[in-house]
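Observations on the three-dimensional arrangement
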Amino acid sequence: MPLTAPDRRNDRVATIADKALWIRRRSFQMVYEAQLGHPGGDFSATDVLATLYFGVMRYDPTKPNDPGRDRFVMSKGHCTGAFYSVLAAAGYFPEADLSSYMQPLSKLNGHPNRNYLPGVETNTGPLGHGLPVALGIAIAGQIDNADFRTFVLTGDGELQEGSNWEAALTAGHRKLRNLTLIIDRNRLQQGARTEETASLDPLDDKWRAFGWHVEMVDGHDHGKLLDVLSADPAQRDKPLCVIANTFKGKGVSFMHDNVAWHHGVPTKEQFEQAMAELV
Amino acid sequence: MSAAAPIKTGLFDCRDSFAATIESLAETDPRIVTVVSDSLGSSKLGGFKKRWPERMVNVGIAEQTVVAVGAGLANGGKVPFVSAAACFLTGRALEQIKADIAYSNVNVKLIGQSSGVAYGELGPTHHSIEDMAWLRLLTNLTVIVPSDPWETEQAIRAAAAMDGPVFVRVSRMPVPALERSNAKFEIGKAETLVEGDQATIIANGTMVHRAVAAAKTLAAEGIAVRVVNMSTISPLDEAAIIAASQTGAIVTVEEHNVRGGLGGAVAEVVTANTPVPMRIMGFPGFLPTGSAEWLMEQFGLTSAGIVDAVRQTIARKAKK
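Computed from a prediction, not measured in an experiment: that's the story for all the values here.

Quick look at the overall build of chain A
Of the regular secondary structure elements, chain A holds nine helices and five strands. Counted from the first residue to the last, chain A has its helices and strands arranged as α-α-β-α-α-β-α-β-α-α-β-α-β-α. Computed over C-alpha atoms, the radius of gyration of chain A comes to 17 Å, within 12% of the 19 Å expected from 2.2 N^0.38 for 279 residues, which places it in the range of a compact globule. In terms of overall dimensions, chain A has a C-alpha envelope of 50 × 45 × 40 Å along the principal axes. Counting every position in chain A, which comprises 279 residues, the buried fraction comes to 52%. By sequence separation, contacts in chain A at least 24 residues apart represent 77% of the contacts at least 6 residues apart.

Brief notes about the interface of chain A and chain B
Across the contact, 25 residues belong to chain A and 25 residues belong to chain B. Where the side of chain A that touches chain B is concerned, the elements lending two or more residues are helix H4 (130–144) and helix H5 (163–173) of chain A. Ranked by the residues each element gives to the side of chain A that touches chain B, the list is headed by H4 of chain A, at ten residues.

Topic: the nonpolar core
Among the nonpolar cores identified, the biggest contains 178 residues, and Leu-49, Val-86 and Leu-135 of chain A together with Ile-201, Ala-211, Ile-306 and Val-310 of chain B are the most heavily contacted of them. A per-element tally of this core places helix H2 (residues 39–56) of chain A first, with nine residues. Those residues in contact with Leu-135 of chain A that lie beyond four places of it in its chain are Ala-167, Thr-170, Ala-171 and Leu-179 of chain A together with Thr-65, Val-69 and Gly-72 of chain B.

A look at the confidence of the model for chain B
Put simply, chain B has an average pLDDT of 96, and 98% of its residues get 70 or more. Per the prediction output, this complex has pTM 0.96; the corresponding ipTM is 0.95.

Here's the deal with the sheet that holds strand S5 (residues 240–245) of chain A
Residue and element names in this part refer to chain A. One open sheet holds the five strands; their spatial order is S1-S2-S3-S5-S4, and the pairing between them is parallel. Two strands in the sheet have a free side with no partner beyond their single neighbour: strand S1 (71–74) and strand S4 (213–218). Averaged over neighbouring strand pairs, the angle between their axes works out to 20° when direction is ignored. Note that S4 and S5 share six bridges and pair parallel. Paired with Glu-215 across the bridge in S5 is Val-242. Sheet strands touched by H4: S1, strand S2 (150–155) and strand S3 (179–185). Its angle to S2, the strand with the most contacts, is close to 170°.

Topic: the pairing of strand S6 (residues 166–169) of chain B
All names here are of chain B. Residue alternation in S6 divides its side chains into two sets, Val-166 and Val-168 and Phe-167 and Arg-169, and both sets are buried. One ladder, built from four bridges, connects strand S4 (residues 109–113) with S6; its direction is parallel. Within S6, the position partnered with Leu-110 by the bridge is Phe-167. Looking at chain direction, strand S5 (residues 142–144) and S6 are connected through three bridges and run parallel. By the bridge assignment for S6, Val-143 is matched with Phe-167. Handedness of the crossover joining S5 and S6 through helix H7 (residues 149–161) is recorded here as right-handed.

Here's the deal with helix H9 (residues 238–245) of chain B
Residues and elements named next belong to chain B. Of the residues making up H9, those classed as buried are Ala-240, Ile-241, Ala-244 and Ser-245. Taken around the axis of H9, the buried residues stretch over an arc of 140°, which confines them to a single face. Buried residues along H9 sit against strand S8 (199–203), strand S9 (225–229), strand S11 (250–257) and helix H10 (262–272).

A look at the pairing of strand S12 (residues 278–283) of chain B
All names here are of chain B. Counted residue by residue, S12 has six buried out of six residues, so it is predominantly covered. In the sheet, S11 pairs with S12 via five bridges, with the strands oriented parallel. Following the sheet pairing, Val-251 is matched in S12 by Arg-279. Once you follow S11 into H10 and on to S12, the crossover reads as right-handed.

Rules and cut-offs
Residues numbered from 1 in each chain as written. Chains lettered and ligands numbered in written order. Predicted model: local features only at pLDDT ≥ 70, side-chain atom pairs only at ≥ 80, totals over all residues. Helix = DSSP H or I, 4+ residues; strand = E, 2+ residues; numbered from the N terminus. Rg over C-alpha atoms; globule rule 2.2 N^0.38 Å. Buried ≥ 20, exposed ≤ 12 C-beta atoms within 10 Å, placed from the backbone. Contact = placed C-beta atoms within 7 Å. Core = buried A, V, L, I, M, F, W, Y, C linked by C-beta atoms within 7 Å. pLDDT = per-residue confidence, 0-100. Pairing = 2+ DSSP bridges. Axes fitted to C-alpha atoms, helices over the stretch in contact; angles between N-to-C directions. Right-handed = clockwise from strand over helix to strand, strands pointing away. Arc of directions from axis to C-beta.

Right, here's the structure in full:
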């Protein structure tokens, strides 16, 4: 598991790449079997998730409530294909459970529920909820001078929710170096481009103005994600915002940067083509 | 203990009881923190801040965040008491209360201050007469509406002692300390303050002392009316309501909209079990300008108004 062995960086990047490929294949199979899901966002977020769970975070899946664990909050709670896959890959529950995705009485609801599944910190689904909750977790760590880190992944369209900016103010004010926000900047919301809906750019300037340290990276480059996310938080005096530039549907040619795959589901032929490409 | 002083002879502001109790609890439980949205003064938490500045989190004027931060603090092992004006805390942040607190089922205590029509003249934006309705629908969330300083203290202590989300509706309307022969508070258990078998008044919060006064007036006329203090509105003490229906007439009274609150909750139980004539007393909707006391008078939420309602409801029983 992460940090239990002193992997060399290159080994770790190779592991992350393997896990990312597995997550893409497994999550797309879940969406295909359920004929429900949000595969475009699953694919834009996959590399961030794989990097966090297999390169950055400190956790033990057999002790999901360990007070000293690093926390991950999945604010874009609709992308459960990728989120459940990474939790299974990390050992929180058996991989076989993924086949129950969104079936009647499944623990794998369309949006994550902490009372059903270990590894889920808070129930999300409505947008703009993850960052304010992660803020509270980070404040608890700050009060106790604890060394755990709190990570939260939001979409970019999600930043149109005002609650994020309430939380951004307080995080900057409290100089929460233990808090890391990763924005899945795929530039597409469910029906159109963010910049054609309620534009977000210049996004980096906005976070800097709220008192955050900002890094912009290729959100599909495992090495760069690893370097940015594993940098020692003691070396800064601000919360960290990583703007991960990504593509919706990354990894499959006909889904790439295509808004139709926000919650599109594949036919048999599309599923087979995707599996042929995801190798 | 944490007895708070009266604001004038015989009358108390339950916020004082909240503040004294939370300080008393914080002395022995280091997990307790308070969380405010610039609502430190209105929550009377100045004393807490002076004693434990690092254990008070002020997120600024941001109700969605004050609730969500409570959820996060609970995740980090704290027992957060999130305190803000009830109107903004429950209205502005309702989705956070639903998703982050109730649905996530986390150990957060929400304190809705100056509830009901306490901010009378400030108008319906500042009244909180919908909160019982929308909060009692949220699975997992315990909702308590204490009637006086003693019960406020008990509710805060019980909330701290239980593992799970709780909303406590605190009033700033001056109320007397109720007389209790056998004082015992238990979440989810109604309290019978006056025995009687000809009708039952079910009340909570600031209306309880008025209900007791009404029952005394009626007793002087030879009408024996039971008074039940339904301070926990969720989970509801259904047995006490079914027992009340055996008196043949029920009047509910609350400092709240007549729709969906205590009266609605009681009616759900009565209609499903033993239907009897009922009267639901409360406010009809958005209210005109006036002080809290004036609004109470204007809409009949007085002991005299309750007396009339009981008489009328008993009369409906007799016609049957």
